[in-house]
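Architecture at a glance
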Amino acid sequence: MQSHLFQTTSSHRTPLLLASSKLATLRTPRLLNCRVILRSYYVDVVPVEPLKLPPGHRTLLPLINSCNNLVLPPQPWVAQTHLSIGTRTPEGDVVEKENVLPFVLSHAQREIPLGFIRPQVAAALEEDHQKHLVSGSASPWDLKYTKEHPKQLKSAAFAAWVNEGGKFTRTMHMERLVYDWRKHNMFPEVLKAWSDEAYPVYTHPPKEPVGLQDPIAFAIERAALPLFGLVNFGALLIAYVRDPSSGRSMLWIPRRSLMKRQWPGKLDVTVGGGMGLGDTAIDTVIRESAEEALLDDDYVKKFIRPVGVLPFPNRSPKGWILPGMYYLFDLPLPANGIVTPKINALDGEVDKFELLDAQDVLKYLLEGQFKPSSALAIIDFLIRHGYITEDTDPRYLDVCQLLKTDIHLPVAWRLNP
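Residues numbered from 1 in each chain as written. Predicted model: local features only at pLDDT ≥ 70, side-chain atom pairs only at ≥ 80, totals over all residues. Heavy atoms only, no water.

Let's shift gears to the overall build of the protein chain. When helices and strands are tallied, the protein chain shows 13 helices and 14 strands. Of all 417 residues assigned to the protein chain, the portion counted as buried reaches 51%. Carbon and sulfur atoms make up 55% of the accessible area of the protein chain, which totals about 21000 Å². (Helix = DSSP H or I, 4+ residues; strand = E, 2+ residues; numbered from the N terminus. Buried < 20%, exposed > 50% of the residue type's maximum accessible area, 1.4 Å probe, protein only. Areas by Shrake-Rupley, 256 points an atom, 1.4 Å probe, with all protein chains shown as cover.)

In this model, helix α4 (residues 119-135) (17 residues) spans 25 Å end to end at C-alpha, consistent with the 24 Å of a helix rising 1.5 Å per residue. Considering only its buried residues, α4 is in contact with β3 (94-103), β4 (115-117), β5 (141-145), β6 (153-158), α6 (166-183) and α8 (225-228). One or two positions beyond α4, positive phi appears at glycine 136, with a value near 85°. (Expected span 1.5 Å × (residues − 1). Contact = heavy atoms within 4.5 Å.)

Moving on to the packing of aromatic side chains. Tallied over the entire structure, the rule returns 13 aromatic pairs. The interplanar angle of 85° and the centroid separation of 6.1 Å between the aromatic rings of phenylalanine 187 and tryptophan 320 together place this pair among those described as edge-to-face. Linking phenylalanine 187 in the loop between α6 and α7 (188-191) with tryptophan 320 in the loop between β12 (305-315) and β13 (321-333), this pair joins segments that are 133 residues apart in sequence. Pairwise contacts between aromatic rings join Phe103, Trp141, Phe158, Trp181, Phe187, Phe218, Phe228 and Trp320 into one cluster. Over the ring of tryptophan 320 we find arginine 118, and its NZ or CZ is 4.5 Å from the ring centre. (Phe/Tyr/Trp six-rings, centres within 6.5 Å; stacked < 30°, edge-to-face > 60°. Lys NZ or Arg CZ within 6 Å of the ring centre and 35° of its normal.)

Soluble, globular proteins show a tendency: their nonpolar side chains are buried together. Counting 41 residues, the largest nonpolar core has Leu251, Leu362, Leu365, Ile378 and Leu382 as the members making the most contacts within it. Of all the secondary-structure elements, those providing two or more residues to this core are α3 (61-67), β9 (232-242), β10 (249-256), β12, β13, α11 (358-366), α12 (372-384) and α13 (396-403). Broken down by element, the residue count for this core peaks at eight residues, all from α12. Residues within four places of leucine 362 in sequence aside, it is in contact with Leu51, Lys52, Leu53, Pro54, Leu60, Leu382 and Ile388. Among the nonpolar cores identified, the runner-up in size contains 37 residues, and Leu70, Ile216, Trp252 and Met325 belong to it. (Core = buried A, V, L, I, M, F, W, Y, C linked by side-chain atoms within 4.5 Å.)

Structurally, the position occupied by methionine 275 is in the loop between β11 (271-274) and α9 (281-293). When the C-alpha positions of methionine 275 and proline 200 are compared, they lie 8.4 Å apart, and in sequence the two are 75 residues distant. Beyond its immediate chain neighbours, meaning those up to four positions away, methionine 275 contacts Tyr199, Pro200, Phe233, Gly234, Ala235, Thr280, Ala281, Thr284 and Tyr327.

Time to look at the confidence of the model for the protein chain. In low-pLDDT segments, the atomic positions of the prediction should not be examined closely. Averaged over every residue, the pLDDT of the protein chain is 87; residues scoring 70 or more account for 88%. When mean pLDDT is taken per element in the protein chain, α8 scores highest with 98 and helix α2 (residues 29-32) scores lowest with 36. In this model residues 8-39 is a low-confidence stretch, pLDDT under 50, and it forms 39 contacts with partners more than four residues away in sequence or in other chains. (pLDDT = per-residue confidence, 0-100.)

Let us look at the pattern of salt bridges. For the structure shown, the criterion picks out 16 salt bridges. Ionic pairing is found between arginine 315 and glutamate 98, a salt bridge with its closest N-O pair at 3.2 Å. Remark: glutamate 98 occurs in strand β3 and arginine 315 occurs in strand β12; sequence separation between them is 217 residues. By relative accessible area, arginine 315 is classed as buried at 4%. Take glutamate 98: its relative accessible area is 18%, and that puts it in the buried class. (Salt bridge = Lys/Arg side-chain N within 4 Å of Asp/Glu carboxyl O.)

A word on the packing of α12 against α13. In helix packing, the relevant descriptors are the interaxial angle and the interaxial distance, both defined with respect to the helix axes. Closest axis-to-axis distance for the α12/α13 pair is 11 Å, and the angle between their directions is 130°. As summarised for this structure, α12 and α13 are arranged oblique, according to the angle between their axes. In this structure, α12 crosses over α13, and the sense of that crossing is left-handed. Residues Leu376, Ile379, Asp380 and Ile383 of α12 lie in contact with α13, whose contacting residues are Tyr396, Val399, Cys400 and Leu403. (Axes fitted to C-alpha atoms, helices over the stretch in contact; angles between N-to-C directions. Parallel < 35°, antiparallel > 145°, perpendicular 65-115°, else oblique. Left-handed = near helix turned anticlockwise from the far one by under 90°.)

What follows deals with the side chain of arginine 88. With respect to the helices and strands, arginine 88 occurs in strand β2 (residues 83-88). Leaving out residues up to four positions away in the same chain, arginine 88 has contacts with Asn65, Asn68, Asn69, Leu70, Val71, Asp93 and Leu402.

Let us now look at the packing of α11 against α12. For the pair α11 and α12, interaxial distance at closest approach is 11 Å and the crossing angle is 140°. At the point where α11 passes α12, the crossing takes the left-handed sense. Residues Ala358, Val361, Leu362 and Leu365 of α11 touch α12, and the partners they reach there are Ala375, Ile378, Ile379 and Leu382. Residues that form the contact of α11 with α12 fall into these classes: eight nonpolar, no polar and no charged. (Nonpolar A, V, L, I, M, F, W, Y, C, P; charged D, E, K, R; others polar.)

This brings us to the pairing of β2. With five of six residues buried, β2 is to be regarded as a mostly interior element. Across two bridges, the pairing between strand β1 (residues 70-71) and β2 is antiparallel. Note on β2: the bridge partner recorded for leucine 70 is threonine 87. The pairing of β2 with β3 spans five bridges and is antiparallel. Bridge pairing in β3 links threonine 87 to valine 95. The antiparallel pairing of β2 with β3 creates a hairpin that spans five residues between the two strands, and glycine 92 there sits at a positive phi of about 100°. (Pairing = 2+ DSSP bridges.)

What follows is the structure in structure tokens.
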């Protein structure tokens, strides 16, 4: 049986660096007056003047801490009896610790977790497992308990017979499970965001290429991702205008509709969207550019610039595990205003677009006006374009390091062509 989650897949959905050295004493007096400053990510634009942090702010690090706030168990995960997660505070402390269970593909081999399960989800999974056993049917789950406490669940995996069926069989059982939870009003604070969108969950790539291992482990309803701590993938685009004489950037920033279920009224990146099953990052961002901002497809395809990825280890205020991985794109727009983002009244995602100076954007960031993942994408933009540097932020290295922290969970990959 092939799950409808896979049947929904469609094309629509689915130079040089001069490092400062501590050996300054080796510089000649002439070199001391010839400091080279490379401020721009792109070599074809005028270097910019770094931004000044607003009064009352010494560093962007507290903002990074509060956005990338999910603290996962230290590795190696398989060597630990008890695993716990926590929430990082703006000051860098870890609070609200909670025991979690690793969710793996199989217990038959040493597996790195696909995600992590909170106690209430583990209990619900155990209940589903028992229902199958009581009814005399084979359970799709392989639950592993500790030797010291036979009733204490240690980890969860798919049963061997399910894994033999591959991604379609896994998808079918995940689909049945989360539909049943929704039907019985379980985890309503999570499943109320039900979207009928299939999202991919990836396996960890093999260390050595063996056969035709499928990168996709299974598909799952988008709203259910936090129940298993699975990675959510998306694409974010920042459209900007650069003054040709000063080189100063102005960013097109939307304010989210007050009717949005998540982060209503918050500032956002110009365009963003989740990547459903079968989607690519570029397809996603082009589609969302047309739907959310009415940007011309041909212009976007010609001038869009892929600029990397953004890990987003986030934990919700209610403790749900929300790891994300977002592809980032820049889109320079002409200074004469002939191409601008516009509100799509039929889409209803955005209340308004504003063209904001980079200094104002920084101010709004530190005031907490941006959606968290978008705040990180904007900071990444400001760093890449030379607006945030080691001269302006005393915790610059910590900011850069935490901004691109590794979530260690499986991300998208593909077989060699």
